Amino acid sequence: MGGLAWLGSAAKKSAMAPPSSGPDLTRSKALFRKAKRLIPGGVNSPVRAFGSVGGTPPFIASGKGAHITDVDGNRYLDYVGSWGPLVLGHADPGVLRAVKKAASAGTSFGAPTEAEVEIAELLCKAVPSLQQVRFVSSGTEATMSAIRLARGATGRKKILKFAGCYHGHSDALLVGAGSGVATLGIPGSPGVPEEFVKLTIQAPFNDLSAVAAAFKHHGEELACVLVEPIAGNMGMVAPTPGFLQCLRELCDRHGALLIFDEVMTGFRVAWGGAQCLYKVKPDLTTFGKVIGGGLPAAAYGGRRELMAEIAPVGPVYQAGTLSGNPLAMAAGLETLRRMAEPGTYEALGEKTRVLSEGLAARAEAADLEFTTTAIGGMFGFFFHPGPVRNFEDAKKAHEGRFQRFFQTMLAQGVYLAPSPYEAGFVSLSHRARDLKKTLQSAGIAFEQAARVR
Ligand SMILES: *Cc1c(COP(=O)(O)O)cnc(C)c1O
């Protein structure tokens, strides 16, 4: 969540028009003022500050199913779902039971527990490319560790990533949108020395000729190619047919490892993740979000002989005080077991399809240039006629229309991600009448958006 893309839009706040008839946010406003004194920007992750849409972020007091309620008592239909983890919805009774049971047995031991073994077994059964997994506490950590492993295992230094893909905030991966073919990395944040990212090569997503050129230049030095198999941090952008297969072939030919960052897509777009959908087997995979069921858990994994490079078996060091935390394991295990039940992904996919197709129809009725994508429980849209294949395309979408659309939806009680560069998430607890209400609101919000030139 919250890739670097928000930086660009936070800088130009022109067309924002927080509506006069929005929800009463008196208590949120007071809290936000106080929070801004005590916490940078008042938030603990940048996109939460509403920088690219303007206005005050509602401070959330509680959630139940598909809804959240803020500290002023306003209720919203939620399509953020904590940025992806809550595929069952908020405060799911089964997840709560599992977490309470785990908590009453002790919250952390820093020693092995049975739940870790169970969830590891479940993941390895569900994902054909996994024989072993290591649990960590965040997606950032999972991806950072997978790259360390790829470098350790290959003895190579360079990595290839795609512009607009977000892999957490570790130094080597905070590389801004580079231009042209496979340029050397330029740091995307002060505090990241140039020297730290000069081993990070970038290419545009879905651009096979740029990837081929990068391999031609750097192929024998590349430890790995790191990719979100379905990009979800530049808005949602699906891979073009053959893109992932071609990455697999190039990696094989040049002895580089292929890493799928499935922190967002894992158990969100399909059982086992995007690799099961597209039938491409990466060497290493990172997971997060859904596998923690709303608590801090993430993982990286792959073939046994590769994972054998990790300490204590091998020399590549990685550790964590709260890794495999019992509460997080309990929440993740319950979430995954429920998602393993027959028909869940069909039901989730159907809800998301109804939403996405309904949005497209209403945007067309309002005569707007608009494009939308939906896979499993993940969707995205751009105020742009499409196709949107990469970050450059995504940045051409109409920001002012997004802002007006977002604010009008919020005023009607529909909570979308407060940035045009974020994906949306549907949960199993979104009901038909919730989707209907969303589409009614969208009809009004599209009319508002169409007024922004
Ligand atoms: C969210 C996300 C991350 C980072 O995970 P955190 O738990 O926020 O550190 C990494 N990669 C992808 C694809 C993500 O969507």
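Residues numbered from 1 in each chain as written. Predicted model: local features only at pLDDT ≥ 70, side-chain atom pairs only at ≥ 80, totals over all residues. Heavy atoms only, no water.

Re the overall build of the chain
Thought 1: Broken down by element type, the chain carries 15 helices and 14 strands.
Thought 2: Taken over C-alpha atoms, the radius of gyration comes to 21 Å for the chain, in line with the 22 Å a tight globule of 453 residues would show.
Thought 3: Dimensions of the chain, computed from the C-alpha atoms along their principal axes, are close to 60 × 55 × 45 Å.
Thought 4: Looking at the chain residue by residue over its 453 residues, the buried ones come to 57%.
Thought 5: Here the analysis covers contacts within the chain between residues at least 6 apart in sequence; of these, 74% occur between residues at least 24 apart.
Thought 6: Looking at the chain as shown, the accessible area adds up to about 18700 Å², and 55% of this sits on carbon and sulfur atoms.
Thought 7: The distance from the centre of the 48 positive side-chain charges to the centre of the 38 negative ones in the chain is 5 Å. (Helix = DSSP H or I, 4+ residues; strand = E, 2+ residues; numbered from the N terminus. Rg over C-alpha atoms; globule rule 2.2 N^0.38 Å. Buried < 20%, exposed > 50% of the residue type's maximum accessible area, 1.4 Å probe, protein only. Contact = heavy atoms within 4.5 Å. Areas by Shrake-Rupley, 256 points an atom, 1.4 Å probe, with all protein chains shown as cover. Lys, Arg positive; Asp, Glu negative; His and termini not counted. Charge placed at Lys NZ, Arg CZ, Asp CG, Glu CD.)

Here's the deal with the packing of aromatic side chains
Aromatic ring pairs: the centre-centre distance and the angle between the two ring planes describe each pair.
Thought 1: Using the criterion set out here, one finds 21 aromatic pairs in the structure.
Thought 2: Through successive ring pairs, a cluster of aromatic residues spans Phe50, Phe370, Phe381, Phe383, Phe402, Phe405, Phe406 and Phe446. (Phe/Tyr/Trp six-rings, centres within 6.5 Å; stacked < 30°, edge-to-face > 60°.)

As for helix H8 (residues 243-254)
Thought 1: Here H8 contains 12 residues, and its C-alpha end-to-end distance of 17 Å stays within 8% of the 16 Å for a straight helix at 1.5 Å per residue.
Thought 2: Along H8, the residues that are buried comprise Phe243, Leu244, Leu247, Arg248, Leu250, Cys251 and His254.
Thought 3: Here the buried face of H8 lies against strand S5 (158-163), helix H7 (208-218), strand S7 (222-227), strand S8 (257-261) and helix H9 (274-278).
Thought 4: At the exit of H8 stands glycine 255, carrying a positive phi of roughly 70°. (Expected span 1.5 Å × (residues − 1).)

Some details on the packing of helix H12 (residues 344-365) against helix H15 (residues 432-450)
Thought 1: Interaxial distance between H12 and H15 falls to 9 Å at its minimum, and their mutual angle equals 25°. With respect to H15, the axis of H12 lies roughly parallel. As for the relative orientation of H12 and H15, their crossing is right-handed in sense. Contact residues: H12 offers Lys351, Val354, Leu355, Gly358, Leu359, Arg362 and Ala363, while H15 offers Leu435, Thr438, Leu439, Ala442, Gly443 and Phe446.
Thought 2: For the contact of H12 with H15, the per-class residue count stands at 8 nonpolar, 3 polar and 2 charged. (Axes fitted to C-alpha atoms, helices over the stretch in contact; angles between N-to-C directions. Parallel < 35°, antiparallel > 145°, perpendicular 65-115°, else oblique. Left-handed = near helix turned anticlockwise from the far one by under 90°. Nonpolar A, V, L, I, M, F, W, Y, C, P; charged D, E, K, R; others polar.)

Describing the environment of glycine 55
Thought 1: Along the chain, the position of glycine 55 falls in the loop between helix H2 (26-38) and strand S1 (60-64).
Thought 2: In this structure glycine 55 comes out as partly exposed when scored by relative accessible area, which is 43%.

Considering the domain arrangement of the chain
Thought 1: Parsing the chain into structural domains produces domain 1 (5-91 + 343-449) and domain 2 (96-339).
Thought 2: Here domain 1 and domain 2 have C-alpha centroids that lie 26 Å from each other.
Thought 3: If you look at the interface, domain 1 gives 34 residues, while domain 2 gives 34 residues.
Thought 4: Surface buried jointly by domain 1 and domain 2 totals about 2600 Å² across both partners, of which 69% is contributed by carbon and sulfur atoms.
Thought 5: By the criterion of area lost to domain 2, the three top residues of domain 1 are Tyr345, Ile375 and Met378, representing 26% of everything that side buries.
Thought 6: Our count for the contact surface shared by domain 1 and domain 2 stands at 0 salt bridges.
Thought 7: Counting the contacts that link domain 1 with domain 2 gives 7 residue pairs in polar contact (both at pLDDT 80 or more). (Domains from an automatic or database assignment. Buried area = accessible area lost by both parts, 1.4 Å probe. Salt bridge = Lys/Arg side-chain N within 4 Å of Asp/Glu carboxyl O. Polar contact = N/O pair within 3.5 Å; in protein donor to acceptor, adjacent residues only side chain to side chain.)

Focus on helix H3 (residues 93-104)
Thought 1: End to end, H3 covers 16 Å across 12 residues, agreeing with the expected 16 Å (1.5 Å per residue, within 8%).
Thought 2: Looking at H3, one finds that the buried residues are Gly94, Val95, Ala98, Val99 and Ala102. Each buried residue of H3 lies within a common arc of 130° when the element is viewed along its axis, so the set occupies one face. Residues Arg97, Lys100, Lys101 and Ser104 are exposed on H3 and point more than 90 degrees away from its buried face. (Arc of directions from axis to C-beta.)

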